[in-house]
Amino acid sequence: SYLGFRLPAIEFPCRTNPIPRQVPDQQWYMKFWPSVLMGGVLPFGVVFVELFFILSSIWQHRFYYLFGFMVLVLAMLLLTCAEIAVVMCYFQLCAEDYHWWWRSFFVPGSSALYLFVYAAHYFATRVHVAKASVLSAAVFFGYMSILSYAFFVVTGFVGFVSTFFFVKTIYGSIKAE
């Protein structure tokens with residue numbers, strides 16, 4: 001916070017009206033929950049193959065030695081999160097819906113929900129449930145919920161920052177007189 005307070009305040013590129021406009025009715029797929037759930041599929045699709053090997057190395061004591069490939073998948077994930085957040089924000093702004101702040105965070109962040117569902121599927125199919133006790137299931141789902149929350153925060157942060165700079169750039173190019 002020390003560095004944040006020492007930096008100059010963020011300048012918005014254009015003036016806004018203090019009276020908010022009414023947002024017109026949106027199509028069903030442009031409402032909050034459908035767009036958030038659709039937006040999370042693509043970032044999860046980037047990592048789900050690599051996720052199997054990571055979960056196997058954590059929970060089944062297998063060796064994981066593809067760290068270079070994991071860095072490549074991480075870069076693809078961050079790029080995909082930025083792209084899907086910007087595209088969904090662009091569609092939203094084209095539909096005259098200016099409430100983009102939280103949606104730009106939740107659209108790529110919703111891939112964490114798919115990650116948790118995949119972890120539950122992994123627990124049911126790969127971890128032998130007959131041998132697993134309630135305590136081991138609680139440990140598994142506890143750790144996977146922490147991992148999913150961290151994944152949500154990271155992907156949401158990347159989506160919000162990329163969308164913020166996108167909106168700042170497009171509104172900065174407007175010549176208002």
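Above this text sits the structure in question.
Residues numbered from 1 in each chain as written. Predicted model: local features only at pLDDT ≥ 70, side-chain atom pairs only at ≥ 80, totals over all residues. Heavy atoms only, no water.

A. Structural detail: helix H2 (residues 32-39). Among all positions of H2, only Ser35, Val36 and Gly39 are buried. Projected down its long axis, H2 carries its buried residues within an arc of 100°, all on one side. Against the buried residues of H2 lie helix H3 (41-59), helix H4 (67-94) and helix H5 (101-109). (Buried < 20%, exposed > 50% of the residue type's maximum accessible area, 1.4 Å probe, protein only. Helix = DSSP H or I, 4+ residues; strand = E, 2+ residues; numbered from the N terminus. Arc of directions from axis to C-beta. Contact = heavy atoms within 4.5 Å.)

B. Geometry of the packing of H4 against helix H7 (residues 134-172). Where H4 meets H7, the closest approach of the two axes is 8 Å, and the angle between their N-to-C directions is 50°. Comparing their axes, H7 and H4 come out oblique. At the point where H4 passes H7, the crossing takes the right-handed sense. For the pair H4 and H7, contact is made by Leu77, Leu78, Cys81, Ala82, Ala85, Val86, Cys89, Tyr90 and Leu93 and by Phe151, Val154, Thr155, Val158, Gly159, Ser162, Thr163, Phe166, Val167, Ile170 and Tyr171, respectively. Residue composition of the contact of H4 with H7, grouped by class: 16 nonpolar, four polar and no charged. (Axes fitted to C-alpha atoms, helices over the stretch in contact; angles between N-to-C directions. Parallel < 35°, antiparallel > 145°, perpendicular 65-115°, else oblique. Left-handed = near helix turned anticlockwise from the far one by under 90°. Nonpolar A, V, L, I, M, F, W, Y, C, P; charged D, E, K, R; others polar.)

C. Main features of the environment of proline 43. Tracing the chain through its elements places proline 43 in helix H3. Classification of proline 43 by relative accessible area gives buried; the value is 0%.

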